Amino acid sequence: MSSQPVEDQRPAAGDAGVANDRSCWWLALGGAATMAASQPPLDLWWLAWVAAVPWLWLARQCRPFHRREWLALWCGGGLFWLAVLHWLRLPHPATSIGWVVLSAYLAGFVPFWVAATRRLVSHARLPFAFAAPLAWVGTEHLRGWLLGGFTMGGLCDTQVHWLAVLQTADLFGAIGLSGLVMAVAACLTAALAEPAATGRRDLWRSLRHVATACGLVLASVGYGQWRLASAPAAAAKPLRVLLVQGSIDTQLKQDPGGAQRVAREYDDLTIEGLAAGEPPDLIVWPETMWRWGLLEIDPAEVLPEAVVEQALRTADRAEVDADPQQRQTAARKQLTAERLEPLAAFARRYGSTWLVGLDKQVVTPAVVTGVRNYNCGLFLDPQGAPLGCYEKMYPVLFGEYVPLADRFPWLYKLTPLPAGLTAGMSPLAVEVAGFEVAATICYETTLPRAIRMMVRSLSEQRKRPDVIANLTNDGWFWGSSELDMHLAAAVLRAVEVRTPIVVAANTGISAWIDGSGRVRQQGPKRATATVRAEV
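Residues numbered from 1 in each chain as written. Predicted model: local features only at pLDDT ≥ 70, side-chain atom pairs only at ≥ 80, totals over all residues. Heavy atoms only, no water.

Caption draft 1: Fine view of the packing of aromatic side chains. In total, this model carries 19 aromatic pairs according to the counting rule given. Pairing Trp-290 with Phe-346 gives two aromatic rings, centres 5.0 Å apart and planes at 80 degrees, and the pair type is edge-to-face. With a gap of 56 residues between them, Trp-290 in strand β3 (residues 290-297) and Phe-346 in helix α15 (residues 324-350) connect regions that are remote in the sequence. When sorted by exposure, Trp-290 lands in the same class as Phe-346, which is buried. Consider the rings of Trp-290 and Trp-354, whose centres lie 6.1 Å apart with planes at 85 degrees: the pair is edge-to-face. (Phe/Tyr/Trp six-rings, centres within 6.5 Å; stacked < 30°, edge-to-face > 60°. Helix = DSSP H or I, 4+ residues; strand = E, 2+ residues; numbered from the N terminus. Buried < 20%, exposed > 50% of the residue type's maximum accessible area, 1.4 Å probe, protein only.)

Here is the structure:
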């Protein structure tokens, strides 16, 4: 049993913070407003340290909560998420439904956190200033795991601008940084609530809470400064990377000439970038910016004879006259090579290792649809030979696949998606100029466990990445604050695993982030650019 006074052990009786239903709603909605203001697009990151105080004031009440209090908290959470995730309505009219549904789902974590806090105080007898951040960390962890996980919009994301405090993410992860911010807010709430709880101004007790808050901030700044001072020196011969950023807004509709226009824009930008400086060791194009996908055909797949005839029209006579099995093998090889040859030609023109985002189809009788679709990052050497192909391991739920649709393909007819993605099975690192470069795609940088597992898995293979390349297409979001939130996630992942990350993003924000979370170079929003990094 803790020796803390009863007033510190549980929400104090007689609190005057919620005198009626109106004040309850004001606190719930006011907390939503301050929390949202700390996130992009307003990005008042310093406000995050006190943004949760209205919600904390509600959580600290000792009286039983009824339906109106829980409803107010859920509505406050919904308002927060609707404001922060406003960009989800941009890709397609149907995604507006997803925006509302996702916001309503995420809103439930606010009353869950309040309930967990109150239970830790009343049953576990924990001090409020400790219970609130502990419950918040648990809630953010649950949010980042349940249904595949959603981690954007956390308190930790607001602190990517404060480099010293950011360094604590390598100790306890990004959610630990969120817990730190919440702990400071909880201490300040306790300091403000003390006079209201006792009916008098208990100066020493309030000062103790304020001192604890200051101590937490100073300790994190001190650790961060030590970490920054002890960061490893740059390599004598760095990896030179050219990040190519086009500006092509993406829509869920077919554009017959779109593939050529995209390739032309990115090719022109690459040639301009090559002419502007020393030859890079690695060129990176964003996700799916090569619109003609790779093709693989399962040996168990029997191709129609008409397809075989078409594939072998330019083949050697010996292959044309071979037995049916050999003809099938030759046709599969030819069809695969036809998709690779244009890529090889571009790589030879560039004269550097090229990492390019594209789709891949695997034709196989092993699935109901007959095809597995992958979102990939393909490495090619300067001669155009493939070095490795990374298949995205964490597709986005309802954005890139629908649960059970691999067995019931008709489910895709209920969505704007023409088909779904299959998850890749393993990470990939390729050696480029003596550096191990690992690829990630799109929102994989928003999932801490995905990056940690990748680094751990590759380290076990003695291929720990020296650089992580993230390929993303944020053209769906029309230059909105989603771009800032996605970049913040990459900054946090760089610190968590102490590994530089380079981001090639269609419409932005392309960036070079070092292992301490400094954004060394970055591109603009919704504009073309080439970003050079020396990692």
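Caption draft 2: Summary view of helix α12 (residues 258-275). Its 18 residues give α12 an end-to-end C-alpha distance of 26 Å, which sits within 8% of 26 Å, the value for a rise of 1.5 Å per residue. Within the sequence span of α12, burial applies to Gly-258, Ala-259, Val-262, Ala-263, Tyr-266, Asp-267, Leu-269, Thr-270, Gly-273 and Leu-274. Looking down the long axis of α12, one finds its buried residues gathered within 165 degrees of arc, a one-sided arrangement. In α12, those exposed residues whose orientation departs by more than 90 degrees from the buried face are Glu-272 and Ala-275. Residues of α12 that are buried make contact with β1 (240-245), β2 (282-284), β3, α15, β10 (501-506) and β13 (529-534). (Expected span 1.5 Å × (residues − 1). Arc of directions from axis to C-beta. Contact = heavy atoms within 4.5 Å.)

Caption draft 3: Seen up close, the nonpolar core. Trp-55, Leu-56, Leu-85 and Trp-113 are the most contacted members of the largest nonpolar core, which totals 112 residues. With 11 residues, helix α10 (residues 169-198) is the largest single contributor of residues to this core. Leu-269, Leu-274, Tyr-350 and Leu-358 belong to the second-largest nonpolar core, a separate cluster that totals 24 residues. (Core = buried A, V, L, I, M, F, W, Y, C linked by side-chain atoms within 4.5 Å.)

Caption draft 4: Representation of the environment of Pro-386 in the model. Relative to the helices and strands, Pro-386 is located in strand β6 (residues 386-391). Taking the relative accessible area as the measure of exposure, Pro-386 reaches 45% and is therefore partly exposed. Each C-alpha atom of the pair Pro-386 and Leu-340 lies 8.6 Å from the other, and the pair is 46 residues apart in sequence. What Pro-386 contacts, discounting residues up to four positions off in sequence, is Leu-340, Leu-378, Phe-379 and Leu-380.

Caption draft 5: Local environment of the packing of α12 against α15. Between α12 and α15, whose axes approach to 11 Å, the crossing angle comes to 20 degrees. Considering the angle they form, α12 stands roughly parallel to α15. Between α12 and α15 lies a crossing whose hand is right-handed. Only Phe-346, Arg-349 and Tyr-350 of α15 make contact with α12, whose side of the interface consists of Asp-267, Thr-270, Ile-271 and Leu-274. Classifying every residue of the contact of α12 with α15 by side-chain character gives 4 nonpolar, 1 polar and 2 charged. (Axes fitted to C-alpha atoms, helices over the stretch in contact; angles between N-to-C directions. Parallel < 35°, antiparallel > 145°, perpendicular 65-115°, else oblique. Left-handed = near helix turned anticlockwise from the far one by under 90°. Nonpolar A, V, L, I, M, F, W, Y, C, P; charged D, E, K, R; others polar.)

Caption draft 6: Quick look at the pattern of salt bridges. Going through the model one piece at a time under the given rule, you end up with 18 salt bridges. Its salt-bridge partner being Arg-498, residue Asp-170 comes within 3.0 Å of it at the nearest N-O pair. Here the residue Asp-170 occupies a position in helix α10, and Arg-498 occupies one in the loop between α17 (482-497) and β10, the gap between them amounting to 328 residues. The partner of Arg-493 in a salt bridge is Glu-496, with the nearest N and O atoms 2.7 Å apart. Of the two residues, Arg-493 and Glu-496 are both situated in helix α17; the distance of 3 residues between them amounts to about one turn of the helix. By relative accessible area, Arg-493 is classed as buried at 3%. In this structure Glu-496 comes out as buried when scored by relative accessible area, which is 13%. When salt bridges that share partners are traced, they join Asp-170, Arg-227 and Arg-498 into one network. (Salt bridge = Lys/Arg side-chain N within 4 Å of Asp/Glu carboxyl O.)

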